[in-house]
Amino acid sequence: MQKRSKIRDRNGGQGFSLVHRYIQHFNEVSGHKSAAFKRRSKLSGLMITQFEVQLPEGKATPDFERKLTPLNLHEGKLAVFKAVVKGVPRPKVTWKRATGNLSDSDKFHTKYNEASGECSLEIRKVSPEDKDTYKCFAANHYGRVVCTAKLNVIEVTFKRQKATAERELTSTDPADFRRMLKKTGALGQEEQKPTKRVRGQGDRFWEVMMSADREDYERICAEFGVADLGSALETMEEKRQERLEEQAKYVESITNVKHVEVLGERSASFGFDLELKDPTSRLFLFKDGVEIPYSDGATQKHSLKVVGKKHVFSINDLKPGDAGLYQVDVEEVNLFSTEFRIPIVDFVVKIEEVKAQERQDALFECVLTHPVAKIKWMGNDSLLENGEKYCITVSEDKLIHRLLITNCEQLDKGIYAAVAGIKSCRAWLVVEVEHDAEPGTKKARKTTAAGGTRVDLEKVAKEQQAKIQEERKKMEAAAKVQKEELMIGKASPRTDSSADRTRVNGLGGDGAEGDRPEAAMSEKTQSKDGGRINETAKDDSNMSNVSTVSSGGGVAKKGVELTNGMENEKSSKARQVDPSGAKASPGPQKPSLLNGDADQIAQAGAESGSGVGRNGKSADLNIQDGTKNSSGLKTQTVTGKSADLNIQDGTKNSSGLKTQTVTGKSADLNIPDGTKNSSDLKTQTVTGKSADLNIPDGTKNSSGLKTQTVTDSNEGLREGEDSTVSAKHQPSKGKGNETQDAVIDGNELSDSEGHNDSPESSKTPVSTKRDQKKKIPIAEAESEHDEAEDPTGTAMPVKRKRQVQLVEDSVIDPGVHFVSGLSDVDAVIGGTAEITCKLSSEDCEGAWFRDGNKISADGDFVITKEGAAHKLTINNCQEEHSGKYRFEADGRKTEAVISVKDPPRFDPADLSAFMEPVEIKVGHNAIFKLPFIGLRPIKIQWFKEGEEFIEDANVKVEKSETHSRLLLIKCQRKDTGEIKIKLKNPHGITEAISQLYVLDKPTAPQGPAEVLESSAMCIVFKWRPPKDDGGTPVVNYVLERQQMGRNTWKKLGEVPGVPSYRDTDVDHGRKYCYRIWALTAMGLSEMMETDEIQAGTLAFPGPPAPPNVLGATGDHIMLSWDPPPNTGNSRILGYYLEKRKKGSNLWSAVDELVKEKKCAVRDVVEGIEYEFRVAAVNLSGAGEFSSPSEFVFARDPQKPPGKVMDLKVADTSYSHMTLVWTKPEKKPGVQDEASGYFVEIREGENAEWSRCNTTPFILTSFPVKGLRPMEMYWVQVIATNDGGEGAPNELDRFVLAMPSPVRPRFTDRKMKSFMVVRAGNSVRITINFEASPRPEVHWLKDNGPVTKRVTVGKSDGSSQLLIPSSKRSDSGVYSILVKNMVGQETYSVEVRVTDDPKPPGLVELEENVPGTVTVMWAPSPDEKRDDRLHYVVSKLDSSKGTWSTVADRLFNNKSTVCNIMPGREYHFRVYAKNDMGMSAPSDSPTWGTEKKKEKFVVRMPTKKQCDLRCAPTFIVPLKLHIAPKGYECYMSCAVKGNPKPRITWYRNSVSLNTNTNYHISNTCGVCSMLILHVGLKDMGEYSITAENDQGRAKCSTILSVRE
């Protein structure tokens, strides 16, 4: 329908007056009291309570012009609800909330501007307690309206979990208390079973484990550093059960869980089927523990699509940052977790378009930047699986991926895609139809790859693998710690801070934060000098990995349980120490950084209260001590060369003194200490050169003195199994007391939280920020320790004092390095090769080497330097220039390989001559010759239009080592095309292309000739050019003409190359025939002869289109028309125009011949209506007249009509309404009479008008259909005529799509009140009614709600109750209640669901009175469930033989039967009967005796049986047969015998029954044998035998074969 943008504002207070007048009138008649009523607002979702039916003029009820908007804010933000109200008088605005009040003026602030009607509510610093539904009330004397909106406050995750825990603690609900006890019990069980704790089991670890597949458990545990998989699985199962119990509070079921999956390059999705107990429960989406918003559509980054139970979360516009752990919560309970991993990979070589013929194989190939085990292949947006049709393969290095599509068909063509991570590439597969295949033949299948320049994928993969290896080496080199000098200097001040915290990975506590798999993985550190690899051990007693460095230099512990046996004790203050080991006054200290793989670590000797003495050179020390007792003196001595020492002390008590002394050269010391006391003396002495010592001490007893001595040369020593921090050493440059570098690869040392003098060692991933390399000189120091022994005999060292001098940090210049290295180059012999690299400094010089030999500049080598770029150029490359080239500068080097190859090549002059097109005439020979050079052997191929030449009688190919020649003999036009030569050798491929043009005479012009004009003066005709011009353009056409009836041809001459001719030398009525030749540079074509063409034939034009009226006035009418499509093969001379008055049959000519295609008709009378027609005239005469035009008045233009009058609604219903109106008045000069009407409607909330009729409606009433029930509509009618449309007339109130108020009543006259249904069948009750407005329908069963098994259907005038499969429990009284605002009505139907009754029990007979029998039986099992069940008793008298009913409708369990005759037998049957039918009978025992009668014996005469058995005999014997060679031979005979004899055929006494060359049959005694192709081998004696138990018969014949 057409749209109109007009909108009229109406008084909302009078909108329902028409409807409610009916209601008011009904209430007055029925005696009901009128009350306030509700009506809909113009804004959706709002209802206005109107206090009075008729509002005074100028007054209006309150309403909202702008509603409240729901808010979804983070806590702490400002929430503002705004709305705009209206009404006369101005309404009063109040605010309320569903729960709680708004009395806090500091929290809640309201505003209301009566002039503009804008009102607002501000909520400052929203909190989770403010989450509620807020209501805005607007009321005045005539009505009231309310608008609601929800405020949702997004809590921070840990706050929401904390609030949940607090609610559980303060809740009075027993269920919450039991849940809290369960958690406490579970925690206690964990504490009671410390052996089941698993390292690495943070929140992230358990979420990933519970969301992973079973086959991924081992991989996840390895990533998180969990060694005990069994304990992890047990703990995971406990956590899974706890989660299921929590989910049961909100979730009915969750199935079909699908983890995150990449759908393409732009999106990924995950989902599940979810059924909630409360549909209003909220779902939250988290990524790595942080809540993220999502939308219902695909407009945001994250979206949720819900279809029934299916919930699908989508992640759009994928980026690498989208990887992480995604969790979905329902309220505060975790519902689902999935880990999204995005591999960092891209395509080096993408798949390309492949063209393959049918039945060929198509191959797609791609190369990745990084190894990937498997990528996705898509075909026409469908996932492809490896199988017979699609073969998916991966190279060993996992860089090259291939998709092979076997046996291509037309259905396989389309777009194929390779998807790796979030990257993808696409290409077409084009399947071409086989044209050259001969019927019944099959071509060998070939594999077709992408066209164009082929890329050596193996080479690309090797280059990419080399790049990966180079990147890996760079990472390893960056991970190695550069050796630093340790110089003796003044101690640098340090500041200990207990405020810093360290996040420890790999612990079992729930409080661990920031768990990352890469942080828990073991790293290896390799030393250059010692060649030793020190791996971090994975043991439950080891230290956890540390990812943050405390400013105080200690390891921080936050919510985790360390596994070294005991927790560290607190130390009150940090202390400074001097080189001699004496204590200094407390003061601030500055943290020092040791560069180990760019890691920040704590200074290994800066803890207060401990000291380490080290004397010697080149010693790397790593000494670990576990828990020790202290009943005596303990000494550790290590002596050796190139030893790495790793000394770690765990928790010690304070019963003695402990001393560690390390002596060696270039020592790297790593001496982390735990919390120690001092109750005993312990001495560790390490002496040696370049020693790497690793001496961890476990739990030791102390019954006396213990000494450990380690002597080694150039190897690492380690005692115990505790995890250590790997160290590297570097020879010092000083003398005397050598400088010692304390360097720890990938590790950081810091104080524990609140334990400034208790360092712990741990390892940190390389990903943390470590940009500066700092050196820390450490002076000689002495260490004293106290140990105490606990009752179990385990040493408990508490403190160790260590004094170290520090110098301020300084940054070491990394030196010159390569910005870009060399790349491999392929060069051609005789050409130029260049390799270039770039350094970070322009001042550095370098040297070039080839295969280890230094290169100097000469005639072949040119060495240039431009700034920091160094370039080597090789002129006139030869094979000896191939090799590995290296550039060295400042101790750094880069290498590349130059390969000098000798591919096939052409001389440019020869190639230019070859590329010149070759033109020859048909039948001549074409020769193509091209010299070349290159490494031999060279494979030579010649092609024409892509197809290779095969030598035959017309194609000769000459090949030599220096040139090739192609000879095409007697070329034809079809040989025209592209000629290509292709050369290939091991070093490359080259091609050259030329063109061959074979010239010939053109073919004949194409007919038939088309006659354009045929008149008495001329003949004009045209034809089509030749199909093949022979390779040269058509210059002229040669024509000859013959007059029909004559034998001579007249030459008309040559016509320029336009295929048309105008012959003016013709006689009227004569017929002519023409011959036409095409003329080119190669000669004349074959002849084309036209059909007979007559000059001056009578061909009249066709009828034109009906005339169009351009305008009309009182004295003329302007017309126009289009020419006829059929001109009669001649030009149009003019047109005849005629007119006719309306109501008349007489046409009159308007004017003489009209030359133009328009005309102004002036011979008209004003006020008369006319129609017109036109006919075309050509040389032959006037043609047919056109169809008449539309009627048009000869009058001045009309004025638009006025408004219609008395517009009103005559009738309304739920789907239509009828409008009636009166014609508008006619006012001369102002408005004319209306010729039709348009009806327009619009819904109450819509601003645009919709036109109900597209053409004017003549009548003054119109039915508007297609309305929606109970909707409000505005209606207007527009009058129209030839002058245009008048002003619309709109109803002053909207119309409600509903009929007049009607009290509900039932329309069925014959409604059933009782129904009996068999159990298992459906129960269907349909009730028809009428009511207005539409009523509410309720069904009840026995005055209660119906069960869930009952389905209720509703329509406009009926309602249906349906029980698909009924049970006995469905029996009852079903009532329907139909209610609307006028009244209500009810009707009841009793439904009895029953089944065939079960039979009664045991039947007994008893005689109390002679001549009577009392029948008693056990009741039927259905008697208690069916109150309408009764019994029927039947009797069988032996004298009659029929059953008769003796009692019916018995509701007890016995019956007395009279008239029992002695001497007779009686049988009784008892049936149970109900509304469905009767049960199976229960039989009684026999009653009475019957007199025995003598048996009547009939003696039958004996019969003699006839013996029909006989021996076989041949009735018809075999005949002699003489058969021609190659023909068939048929032998037959007839045999009889009883029993049926067994037939056997023989040839020369050899049985033929099993020979498949003979067709043998036996039908009703007729035995036959058929030989299809008789040969000489079939000659001989044929016999047949018939045998049974009575005898045997034989018959034989002779078969002769003639050639």
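Refer to the preceding data block for the structure.
What you see is a predicted model; the values in this text were computed from it and never measured.

Reading the values: the criteria
Residues numbered from 1 in each chain as written. Predicted model: local features only at pLDDT ≥ 70, side-chain atom pairs only at ≥ 80, totals over all residues. Heavy atoms only, no water. Core = buried A, V, L, I, M, F, W, Y, C linked by side-chain atoms within 4.5 Å. Buried < 20%, exposed > 50% of the residue type's maximum accessible area, 1.4 Å probe, protein only. Helix = DSSP H or I, 4+ residues; strand = E, 2+ residues; numbered from the N terminus. Contact = heavy atoms within 4.5 Å. Phe/Tyr/Trp six-rings, centres within 6.5 Å; stacked < 30°, edge-to-face > 60°. Salt bridge = Lys/Arg side-chain N within 4 Å of Asp/Glu carboxyl O. Lys, Arg positive; Asp, Glu negative; His and termini not counted. Polar contact = N/O pair within 3.5 Å; in protein donor to acceptor, adjacent residues only side chain to side chain. Patch = residues over 30% accessible without salt bridge, like charges linked within 9 Å, V, L, I, M, F, W, Y side chains within 5 Å. Areas by Shrake-Rupley, 256 points an atom, 1.4 Å probe, with all protein chains shown as cover. Charge placed at Lys NZ, Arg CZ, Asp CG, Glu CD. Pairing = 2+ DSSP bridges.

Caption draft 1: How the structure looks around the nonpolar core. Counting residues in each nonpolar core, the largest one holds 25 residues, and the members touching the most others are F270, V328, V330, L335 and F340. Put simply, the parts of the chain that give this core at least two residues each are strand 12 (251-262), strand 13 (267-276), strand 14 (283-287), strand 17 (310-316), strand 18 (324-330) and strand 19 (333-340). Broken down by element, this core gets its largest block of residues, five residues, from strand 13. Those residues in contact with L335 that sit more than four places away from it in its chain are Q247, V251, I254, F272, L274, L283, V328, D329 and V330.

Caption draft 2: Focus on the packing of aromatic side chains. Enumeration over the complete set of coordinates arrives at 24 aromatic pairs. Judged by centre distance (6.3 Å) and plane angle (45°), the ring pair of F272 and F313 falls under tilted. Of this pair, F272 sits in strand 13 while F313 is found in strand 17, placing the two residues 41 residues apart along the sequence. F313 matches F272 in its accessibility class, with the two residues each being buried. Pairing F364 with Y416 gives two aromatic rings, centres 5.5 Å apart and planes at 25°, and the pair type is stacked.

Caption draft 3: How the structure looks around the pattern of salt bridges. Evaluated as defined, the whole model comprises 56 salt bridges. With a closest N to O distance of 2.8 Å, E961 and R936 form a salt bridge. Of this pair, E961 sits in the loop between strand 60 (955-959) and strand 61 (963-968) while R936 is found in the loop between strand 57 (926-931) and strand 58 (939-944), placing the two residues 25 residues apart along the sequence. E961 sits in the exposed class, given a relative accessible area of 53%. Note on R936: relative accessible area 49%, which makes it partly exposed. Taking the shortest distance from any N to any O, the salt bridge between E1010 and K1022 comes out at 3.8 Å. A residue pair is termed long-range when its members are at least 10 positions apart, and E1010 in strand 64 (residues 1006-1014) and K1022 in strand 65 (residues 1019-1024) qualify at twelve residues.

Caption draft 4: Region of interest: the side chain of D63. Topologically, D63 is positioned in strand 4 (residues 60-66). Although D63 lies buried, it forms no salt bridge, and the closest oppositely charged side chain, K86, sits 4.9 Å away as judged by the N-O distance. At 2.6 Å, the side chain of D63 forms a polar contact with the side chain of S41. Those residues in contact with D63, other than ones at most four positions away along the chain, are S41, K42, I48, V84, V85, K86 and V145.

Caption draft 5: Geometry of a negative patch on the surface. On the surface, a cluster of negative charge is contributed by D858, D860, E879 and E880. With respect to the secondary-structure elements, E879 resides in the loop between strand 53 (869-874) and strand 54 (883-889).

Caption draft 6: Examining unusual backbone geometry more closely. The omega angle of the peptide bond from V88 to P89 is 0°, so this bond is cis rather than trans. In this chain, R936 is followed by P937 through a cis amide linkage whose omega measures 0°. Here P937 lies in the loop between strand 57 and strand 58. The phi dihedral of K125 is positive, around 50°, even though this residue is not glycine. Mapping K125 onto the fold places it in the loop between strand 9 (118-123) and strand 10 (132-140).

Caption draft 7: How the structure looks around a positive patch on the surface. On the surface, K38, K96, K135 and R144 cluster together to form a positively charged patch. The topology assignment puts R144 in strand 11 (residues 143-154).

Caption draft 8: View of the sheet that holds strand 24 (residues 382-383). If you trace the five strands from one edge of the open sheet to the other, you get 21-28-27-23-24, paired in mixed fashion. Sheet topology places strand 21 (354-357) and strand 24 at the edges, where each strand pairs with a single neighbour. By the bridge criterion, seven bridges tie strand 27 (residues 414-420) to strand 28 (residues 423-432) in an arrangement that is antiparallel. Looking across to strand 28, one finds that I415 is bridged to W428.

Caption draft 9: Focus on the environment of D317. Structurally, D317 can be placed in the loop between strand 17 and strand 18. Taking the relative accessible area as the measure of exposure, D317 reaches 34% and is therefore partly exposed. Remark: the alpha-carbon pair of D317 and A268, spanning 49 residues in sequence, is separated by 8.8 Å. Beyond its immediate chain neighbours, meaning those up to four positions away, D317 contacts R266, K301 and D322.

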